[in-house]
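# Coordinate analysis (summary)
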Amino acid sequence: MKKNIILIVMLLFTALPVFAQTETSPKLIGMSGGAGLPFEVYDLEAMGINLHLGFDYAHPVKNNFALGFYLNLGGGVMGALHPYSEYDRYYYPFRFSAGLLAEIGDLQERPFILGIAPCTGMGFVDMDLFIPLEIRFGRFITDNWYIVAELTYGISLAHETAYLEPSIRVGYNFGRKSKKQSEAK
């Protein structure tokens, strides 16, 4: 029930900006990819690498604020530091998450990007289900390219794991016009 309420609130917050669109502010419609370094310190004592793909969307509410959502899918491999046996040495984490995304600052220039996934998603590490709590910070580095740092904490439903993953991702915004295109109009 709580997840349904969170999803409804997320949909409302992403639908409301459609009615308040400003003509001069660009949208964020981007694809991002990156890598993370997951580690588990409670049960498995393992480290590894994950690859991520994501979709980012933010719609302008004002000329200095845009609100939207993001979707993230990732997976990789982890190796145990102190394996129980030679057959139980590698683990394959998987994670899907969805969160709120905001652009803050002058949307015509290089705004900051802030995102949070308040336990909206799921992941597995060694068949242990966890719910990801994510926070993202980033910024546009050119008109269309942006970079985002992300920190994920996996809340284990069985209380068997402590999953952490810092990651970095690079994205490209397909919804933003370059300054040359904007000045031509």
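Residues numbered from 1 in each chain as written. Predicted model: local features only at pLDDT ≥ 70, side-chain atom pairs only at ≥ 80, totals over all residues. Heavy atoms only, no water.

Secondary structure assignment for the protein chain yields two helices and 11 strands. For the protein chain, the succession of helices and strands along the chain, N to C, is α-β-β-β-β-β-β-β-β-β-β-β-α. In the protein chain, which comprises 185 residues, the share counted as buried stands at 40%. In the protein chain, the proportion of contacts linking residues at least 24 apart, taken out of those at least 6 apart, comes to 61%. (Helix = DSSP H or I, 4+ residues; strand = E, 2+ residues; numbered from the N terminus. Buried < 20%, exposed > 50% of the residue type's maximum accessible area, 1.4 Å probe, protein only. Contact = heavy atoms within 4.5 Å.)

Before going further, it helps to examine the pairing of strand 11 (residues 162-173). Note: strand 1 (residues 28-36) against strand 11, seven bridges, orientation antiparallel. When the sheet's bridge partners are listed, Gly-34 is paired in strand 11 with Arg-169. Across two bridges, the pairing between strand 2 (residues 39-40) and strand 11 is antiparallel. Residue pairing across strands places Phe-39 opposite Leu-164, the latter belonging to strand 11. Sheet topology note: the strand 10 (residues 145-156)/strand 11 ladder contains 11 bridges and is antiparallel. Each residue of the ladder has a partner; that of Tyr-153, found in strand 11, is Leu-164. What sits between the antiparallel neighbours strand 10 and strand 11 is a turn of five residues, in which His-159 has the positive phi angle 60°. (Pairing = 2+ DSSP bridges.)

Note on pairing: side chains with opposite charge can pair once their charged atoms come close. As enumerated under the stated definition, the model contains six salt bridges in all. Glu-150 is the salt-bridge partner of Arg-136, the closest N and O atoms lying 2.7 Å from each other. Taken together, the positions of Arg-136 in strand 9 (residues 128-140) and Glu-150 in strand 10 put the pair 14 residues apart, joining distant regions of the chain. Note that Arg-169 is salt-bridged to Glu-150, the shortest N-O span being 3.8 Å. Placement of Arg-169 in strand 11 and of Glu-150 in strand 10 is noted, with a sequence separation of 19 residues between them. (Salt bridge = Lys/Arg side-chain N within 4 Å of Asp/Glu carboxyl O.)

This paragraph deals with unusual backbone geometry. Of note in the backbone geometry, Met-127 takes a positive phi value of approximately 65° without being a glycine. Structurally, the position occupied by Met-127 is in the loop between strand 8 (121-125) and strand 9. When its relative accessible area of 73% is taken as the criterion, Met-127 is described as exposed. For His-159, which is not a glycine, the phi torsion comes out positive at approximately 60°. For His-159, the location among the structural elements is in the loop between strand 10 and strand 11.

Our focus in this paragraph is the confidence of the model for the protein chain. In low-pLDDT segments, the atomic positions of the prediction should not be examined closely. Of all residues in the protein chain, 82% attain a pLDDT of 70 or more, and the chain-wide mean is 84. Of the regions scoring below 50 in pLDDT, residues 15-22 engages in 14 contacts with residues more than four places distant in sequence or in other chains. (pLDDT = per-residue confidence, 0-100.)

Together, Asp-43, Glu-45, Asp-126 and Glu-160 give the surface a local cluster of negative charge. Relative to the helices and strands, Asp-126 resides in the loop between strand 8 and strand 9. By relative accessible area, Asp-126 is classed as partly exposed at 35%. (Patch = residues over 30% accessible without salt bridge, like charges linked within 9 Å, V, L, I, M, F, W, Y side chains within 5 Å. Areas by Shrake-Rupley, 256 points an atom, 1.4 Å probe, with all protein chains shown as cover. Lys, Arg positive; Asp, Glu negative; His and termini not counted. Charge placed at Lys NZ, Arg CZ, Asp CG, Glu CD.)

In this section: the side chain of Ser-167. Within the secondary structure, Ser-167 is located in strand 11. You can call Ser-167 buried: its relative accessible area is 8%. Non-local contacts of Ser-167, meaning those with residues more than four positions away in its chain, are made with Ala-35, Gly-36, His-52, Val-148, Ala-149 and Glu-150.

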